[in-house]
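Structural overview
One letter stands for each residue in the lines below.
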Amino acid sequence: ERGVYLPVSNLEVSFRRPAEYEDRVRITTDVETVRSRSVTFDYELHRLPDGELLARARTELVCVNADGAPRRLPDGVLELLRGRERESP
């Protein structure tokens, strides 16, 4: 509707343990970094109910317009993501 798209430009996954078809899992997502034209998310996948870490992942998404040209994230989206950005240790 706004002509804003966020394709994945980079994906990293580190598999720790296998998951089985019947396993229940919990996926947590954190906003790692926000820049004017991109956002990076971190993910952790845990088996339930024991909480064993199965995988960690990271994606970077780049903001583009309908023609695929890079553009700034809209101000409202930028503010929303920055409000959820993880604090540096």
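A brief report on the enclosed structure follows. What you are looking at is a predicted structure, and each value in this text was computed from that prediction instead of being measured. (Residues numbered from 1 in each chain as written. Predicted model: local features only at pLDDT ≥ 70, side-chain atom pairs only at ≥ 80, totals over all residues. Heavy atoms only, no water.)

1. A closer look at the packing of aromatic side chains
Quick note on the threshold: When the centres of two rings from Phe, Tyr and Trp lie within 6.5 Å, Trp using its six-membered ring, the rings pair. Their planes under 30 degrees apart give stacked, over 60 give edge-to-face, and anything left gives tilted.
In this structure the tally under the stated criterion is one aromatic pair. Ring geometry for F41 and Y43: centres 6.5 Å apart, planes at 40 degrees, overall tilted.

2. Digging into unusual backbone geometry
Put simply, the rule is: Secondary structure elements follow DSSP: runs of H or I no shorter than four residues count as helices, runs of E no shorter than two count as strands, and numbering proceeds from the N terminus.
In this structure, P49 follows L48 across a cis peptide bond, with omega equal to 5 degrees. Relative to the helices and strands, P49 is located in the loop between β3 (38–48) and β4 (53–62).

3. Considering the environment of V62
The following threshold applies: Only heavy atoms enter the contact rule, under which two residues are in contact if any of them lie within 4.5 Å.
Along the polypeptide, V62 turns up in strand β4. Sequence separation of V62 and R35 is 27 residues, and the distance between their C-alpha atoms is 9.4 Å. Residues contacting V62, with those up to four places away along its chain left out, are Y5, L6, P7, S9, R37 and S38.

4. Quick look at the nonpolar core
This is how it is decided: Among buried residues, those of type Ala, Val, Leu, Ile, Met, Phe, Trp, Tyr and Cys that are joined through side-chain atoms within 4.5 Å constitute a nonpolar core. Exposed residues in this analysis have more than 50% of their type's maximum accessible area, buried residues have under 20%, and partly exposed residues fall in between, with area computed by a 1.4 Å probe over protein chains only.
Ranked by size, the top nonpolar core spans nine residues in total: V31, V34, V39, F41, L61, C63, L73, L78 and L81. Breaking this core down by element, the ones donating at least two residues are β2 (24–34), β3 and α1 (75–82).

5. As for the sheet that holds β4
Keep this limit in mind: A pair of strands is labelled paired if DSSP reports no fewer than 2 bridges between them. Only the stretch in contact is used when fitting a helix axis, every axis being a line fitted to C-alpha atoms; angles between N-to-C directions are given from 0 to 180 degrees.
In spatial order, the strands read β1-β4-β3-β2; together these four strands make up an open sheet with antiparallel pairing. Strands at the two margins of the open sheet, each flanked by one partner only, are β1 (8–15) and β2. Strand-to-strand twist in this sheet, taken as the mean axis angle between neighbours without regard to direction, amounts to 15 degrees. Summarising the sheet, β3 and β4 pair through nine bridges and their orientation is antiparallel. Bridging across to β4, V39 finds its partner in L61. Running at roughly 115 degrees to β2, α1 makes contact with β2 and β3 of the sheet.

6. Some points on the pairing of β4
Where β1 and β4 come together, seven bridges link them in antiparallel fashion. Each residue of the ladder has a partner; that of F15, found in β4, is A55.

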